[in-house]
Amino acid sequence: MTGYLAVAEIDIDAPAARVWDVLTSPEQLKKLWFGAEVETDWEVGSPITWNGDWEGKPYQDKGKILEVQPERLLKLTHFSPLTGQDDVPENYHTLTYTLTGNTHLKLEQDNNATEEEADHSQDMWEMLVAKVKEAAETQ
């Protein structure tokens, strides 16, 4: 992992299978990703896209699925044109979701250029993991 790391963690009172479903089902993802439509087949090497509107502007984030171990690990790249950065590999983040125990979710995002950028990302990911917890515990 490169750059500053953003980490969000939470304990969830639900089995890993239910948490995994929240992380990978299109209808749940739309709620987690601020209304964006997430499209992928969850196969290693496949593309993943997030299509949505942010402050009235349409956008498409993109990435690639790097690793999938159902109910244990999901690793993918992510790039958003909303950052204003060029669409080049060094501007992509790697998002790593790890599920352990009964059930602990950890989300890490690498390649943040500054500590402030990592803190901003961490705040966003803490909201996302809290939504995962809520969805998994009420399913």
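The following paragraphs examine the structure supplied in this document. (Residues numbered from 1 in each chain as written. Predicted model: local features only at pLDDT ≥ 70, side-chain atom pairs only at ≥ 80, totals over all residues. Heavy atoms only, no water.)

### A closer look at the sheet that holds strand β5 (residues 73–78)
Here is step 1: The strand order across the open sheet formed by seven strands is β1-β7-β6-β5-β4-β3-β2, and the pairing between neighbours is antiparallel. Whereas interior strands pair on both sides, the edge strands pair on one side only; in this sheet they are β1 (4–11) and β2 (37–39). Averaged over all pairs of adjacent strands, the angle between strand axes in this sheet comes to 20°, irrespective of strand direction.
Here is step 2: As defined by bridge partners, strand β4 (residues 57–69) adjoins β5 across four bridges and the pair is classed as antiparallel. (Pairing = 2+ DSSP bridges. Helix = DSSP H or I, 4+ residues; strand = E, 2+ residues; numbered from the N terminus. Axes fitted to C-alpha atoms, helices over the stretch in contact; angles between N-to-C directions.)

### Considering the packing of helix α1 (residues 16–24) against helix α3 (residues 115–138)
Here is step 1: One way to put it is that α1 packs onto α3 with a least axis distance of 9 Å and a crossing angle of 125°. Of the possible angle classes, the one that applies to α1 and α3 is oblique. Judged by the sense of rotation from one axis to the other, the crossing of α1 with α3 is right-handed. Within the contact between the two elements, α1 uses Arg18, Val19, Val22 and Leu23 and α3 uses Val132, Ala135 and Ala136.
Here is step 2: The class makeup of the residues in the contact of α1 with α3 is six nonpolar, no polar and one charged. (Parallel < 35°, antiparallel > 145°, perpendicular 65-115°, else oblique. Left-handed = near helix turned anticlockwise from the far one by under 90°. Contact = heavy atoms within 4.5 Å. Nonpolar A, V, L, I, M, F, W, Y, C, P; charged D, E, K, R; others polar.)

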